[in-house]
Every structure is written in C-alpha cells, then in structure tokens.
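Here is what each chain is made of, one letter per residue.
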Amino acid sequence: MLFRYRNLPHLEIQSGTYFVTFRIAGSVPRNVIESWRFEREDVQRNAICNKRPLSDHENKRLKYLYSEKIERYMDQGYGDCWLRNPQITQLVIDALRYFDGERYNLHAWCVMPNHVHVVFTAVSTGNELVSDLSKILHSWKSFTSHGANRILGRSGQFWQGESYDHLIRGDEDFWHCIDYTLENPVKAGLCKYWYGWPGTGCSQRIKELLEN
C-alpha cells in the first residue's frame, strides 16, 4: 500500500528533517558496499568539480543507488538478524523514543531483522540545534549496541560504523520517506500490513494524518 501523501495536509518542517538507516555489522557484503561507495563518490565528485551543490537528479540517483544495492541485501536478511529478538527490537524502539520531543521529533521508525529506518526532525532552540545528526545517531547506536550485546551474551561490534542519511526536502520527499519506512516489512514479505510488524511505528500526528 502506498500512502497518498498528496491528499494530506501540508506538514511544516522547521528544522532539518532526516531519513536515516543504520544496520547490523556484516549485514551487506563488503563488495556491494564498495561498489555503492564508488558510485556515490563519483556522483558527489562531479558536483564538487563543477563547484555546485548536488542537483535534484543527482540526489535521486544517490537514493536509487542505495536502495538498489544496499536495501535489497538487507531485506533478504543477509548476515546476522539479531533484531528479530523481541527484547532487542524493544530496546531499539525505547532508545529512539527516549529523547523524542527533547532532542528531536520522531515521525516514523521501523526495526527490521538486520537494520533500522528512522524519520525525524532535529529540535532547535532559536538558531541552535539541541543535538546534531551525528550526535543523535551515536547516542542511539552506542546505547543499543551495549544493551543488545548483553542480551545476546556477546561482545564486539554490533552496528556497522557507516550509516545512511538523507536530508528531506519538501513534503513529497517527506511522505515518500514515511511510506518507505512503514512499508519496508511489507515489501520484504514479513507481514501483510505495516502495523502488523512489531518493530514499526509512527507519531500520533502522522497516524492521524494517515487515517484522514
């Protein structure tokens, strides 16, 4: 099911709003990562050489490269799928929601077997961000890696160091990211409806907008 965001009320986004993905270490083969990184850097290098920001086409190309090369493997359950453990799923959700409304505003999230998607807006006070993207991601990953390793009785790296992040531009992009996040378990064949997957959720405001 695709959400018909064009028929929904305009959503004001005052601070930076992001779609981010972070994944369990080893959830994507290294050769796939290297291939994606090479193509991504080639797109970015072209813009830098011409001393200009990335065009809309280039931004779409970067998202396409990521979804085709990385998401395909993650949705197939490649590597360790520790996030299937209900305790770890809840640990991640609790971590995402802990500073909701304080450091950021959560819009939607999805904890898949080997990766996590989140859509959120960073909170600002005046002209100053309460917490930037890197600090928010570090907080989530640091807390949950320690907790997950305790549950699993293991040690070592839990999350892949590199995360994917996309700065959302405009309402259409926003609703596309919400749709992508909530529908991921449906697309992967894990459930029939997004609300049937225990790791998926959204804010009350998003839920109300989707129901209207």
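As the structure is a computational prediction, the values presented were derived from the model and not from experiment. (Residues numbered from 1 in each chain as written. Predicted model: local features only at pLDDT ≥ 70, side-chain atom pairs only at ≥ 80, totals over all residues. Heavy atoms only, no water.)

**Examining the packing of aromatic side chains**
Applying the stated rule across the entire model yields 14 aromatic pairs. Arranged with centres 5.8 Å apart and planes meeting at 75 degrees, the rings of Phe-19 and Tyr-180 form a pair that is edge-to-face. Of the two residues, Phe-19 sits in strand S1 (residues 17–23) while Tyr-180 sits in helix H5 (residues 170–187), which places them 161 residues apart along the sequence. When sorted by exposure, Phe-19 lands in the same class as Tyr-180, which is buried. Judged by centre distance (5.9 Å) and plane angle (70 degrees), the ring pair of Tyr-104 and Phe-120 falls under edge-to-face. With Tyr-104 in strand S2 (residues 104–111) and Phe-120 in strand S3 (residues 115–122), this residue pair connects regions lying 16 residues apart in the sequence. Overall, the relative accessible area of 1% leaves Tyr-104 in the buried class. An aromatic cluster of three or more residues is present, and its members are Tyr-18, Phe-22, Trp-82, Tyr-104, Phe-120, Trp-140, Phe-158 and Trp-159. Here Arg-103 stacks its cationic end above the ring of Phe-99, 3.6 Å away from the centre of that ring. (Phe/Tyr/Trp six-rings, centres within 6.5 Å; stacked < 30°, edge-to-face > 60°. Helix = DSSP H or I, 4+ residues; strand = E, 2+ residues; numbered from the N terminus. Buried < 20%, exposed > 50% of the residue type's maximum accessible area, 1.4 Å probe, protein only. Lys NZ or Arg CZ within 6 Å of the ring centre and 35° of its normal.)

**A short note on the packing of helix H3 (residues 86–98) against helix H4 (residues 133–152)**
At their nearest, the axes of H3 and H4 sit 10 Å apart, and the two run at 160 degrees to each other. Judged on the interaxial angle alone, H4 and H3 are roughly antiparallel. Seen along the crossing, H3 lies across H4 with a hand that is right-handed. Every residue of H4 that contacts H3 at Gln-87, Ile-88, Leu-91, Val-92, Ala-95 and Leu-96 is listed here: Trp-140, Phe-143, Thr-144, Gly-147, Ala-148, Ile-151 and Leu-152. (Axes fitted to C-alpha atoms, helices over the stretch in contact; angles between N-to-C directions. Parallel < 35°, antiparallel > 145°, perpendicular 65-115°, else oblique. Left-handed = near helix turned anticlockwise from the far one by under 90°. Contact = heavy atoms within 4.5 Å.)

**Concerning the confidence of the model for the protein chain**
Put simply, the protein chain has an average pLDDT of 84, and 84% of its residues get 70 or more. Put simply, strand S5 (residues 128–129) is where the protein chain has its lowest mean pLDDT, 59, and H3 is where it has its highest, 98. Per-residue pLDDT stays below 50 along residues 1–12; that stretch engages in 24 contacts with residues further than four places along the chain or on separate chains. (pLDDT = per-residue confidence, 0-100.)

**Some details on the sheet that holds S2**
Read across the open sheet, the 5 strands follow the order S6-S1-S3-S2-S7; overall the sheet is antiparallel. With partners counted over all chains shown, the strands left at the sheet margins are strand S6 (164–167) and strand S7 (200–202), one partner each. The mean angle between the axes of side-by-side strands here comes to 15 degrees, regardless of whether they run parallel or antiparallel. Of the strand pairs in this sheet, S2 and S7 are connected by 3 bridges, and their pairing is antiparallel. Within the sheet, the bridge partner assigned to Cys-110 lies in S7 and is Thr-200. Contacting S1, S2, S3 and S6, H4 runs over the sheet at an angle of about 35 degrees to S1. (Pairing = 2+ DSSP bridges.)

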